Amino acid sequence: MKSVVLRTCLSAFLLGSSAICGAQASDLPSSKSAPLAPTMTVWNPWMIRGRALVVMPQESAKLSIGGVRVPGADVSISTSVVPELDISYFFTKNIAVELVLGVTPHNVKGAGALAGARIGSAWLLPPTLMLQYHFTDFGAFKPYVGVGVNYTVFFNEKAKGGFTSFNLQDTFGLALQGGIDIMLDQHWGLNLDVKKIFLEPKVKVNAGLVTGKVKIDPWLFGAGITYKF
């Protein structure tokens, strides 16, 4: 009789223990069903580029001496290679503004009826503000186009040859742009860029004895490094 009671109590104890353990195990989180924490990527609107820039004027001129137009008088402006820095701010992932900064030196010589005459030299400070559209559907390849305004400041002007003074008037111009960023990772990339600036300043030589307009209209070919913050 005692053995029967003992076996009954032992069976009840084992069944109760199994039920308790099962209930506790069901309360534990499953490694298979636990959600993973999402990976958040913080988008930053700033980008900078450093480029080597070839500035290639497409020049022509209309010049007068003492108020009389000189037929065939023209100018030749030297090509220049300079460093350039630009800073971009993205309002969205497609729309951005870019400020282009740099200075470039040029020599001016006579051409056509003035061939062989040394006229002068000048430095150009042409800050340019571009409104851009960036295409984002090509993976690491990020082409863009832009249109903007340029304001060119001429400084350190020097007359050469037999001339005593040389002055170019600061002026505004239209700028067009196309380029591509080839991103190597989230931050670094390579950049190729082409701009066309329409620029036609007034010129005075020898205190106004020679006057006119010089169409510079340079092409700007750039290649460099992109850094996206």
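Above this text is the structure in question.
These numbers were taken from a predicted model, which means no experiment stands behind them. (Residues numbered from 1 in each chain as written. Predicted model: local features only at pLDDT ≥ 70, side-chain atom pairs only at ≥ 80, totals over all residues. Heavy atoms only, no water.)

Draft legend 1. The packing of aromatic side chains, seen in detail. For the structure on display, the rule yields 8 aromatic pairs. With centroids separated by 6.1 Å and ring planes inclined at 15°, the aromatic side chains of W219 and F221 adopt a geometry described as stacked. By relative accessible area, which is 35% here, W219 ends up partly exposed. For the ring pair Y227 and F229, a centre distance of 5.0 Å and an interplane angle of 90° mean the geometry is edge-to-face. When its relative accessible area of 41% is taken as the criterion, F229 is described as partly exposed. The rings of W46, Y89 and F91 are connected pair by pair, giving a single aromatic cluster. Above the ring of F198, the side-chain terminus of K196 is found at 5.9 Å from the ring centroid. The side chain of K228 reaches across the aromatic face of F90, ending 5.4 Å from its centre. (Phe/Tyr/Trp six-rings, centres within 6.5 Å; stacked < 30°, edge-to-face > 60°. Buried < 20%, exposed > 50% of the residue type's maximum accessible area, 1.4 Å probe, protein only. Lys NZ or Arg CZ within 6 Å of the ring centre and 35° of its normal.)

Draft legend 2. Highlighting the pairing of strand β1 (residues 46–56). The alternating pattern of β1 places M47, R49, R51, L53 and V55 on a buried face and W46, I48, G50, A52, V54 and M56 on a face that is not buried. Here β1 runs beside strand β5 (residues 80–90); their pairing, made up of 10 bridges, is antiparallel. Pairing of M47 across the sheet is with S88, part of β5. The sheet contact formed by β1 and strand β16 (residues 219–228) spans 10 bridges and is antiparallel. The residue bridging R49 from the neighbouring strand is T226, located in β16. (Helix = DSSP H or I, 4+ residues; strand = E, 2+ residues; numbered from the N terminus. Pairing = 2+ DSSP bridges.)

Draft legend 3. Region of interest: the pattern of salt bridges. What the rule picks out here adds up to 9 salt bridges. Put simply, E98 and R49 hold a salt bridge, and the shortest N to O gap is 2.8 Å. Remark: R49 occurs in strand β1 and E98 occurs in strand β6 (residues 95–101); sequence separation between them is 49 residues. By relative accessible area, which is 0% here, E98 ends up buried. Taking relative accessible area as the criterion, R49 reaches 1% and is therefore assigned buried. One salt bridge connects E98 with R51, and the closest N-O pair in it is separated by 3.4 Å. Remark: R51 occurs in strand β1 and E98 occurs in strand β6; sequence separation between them is 47 residues. (Salt bridge = Lys/Arg side-chain N within 4 Å of Asp/Glu carboxyl O.)

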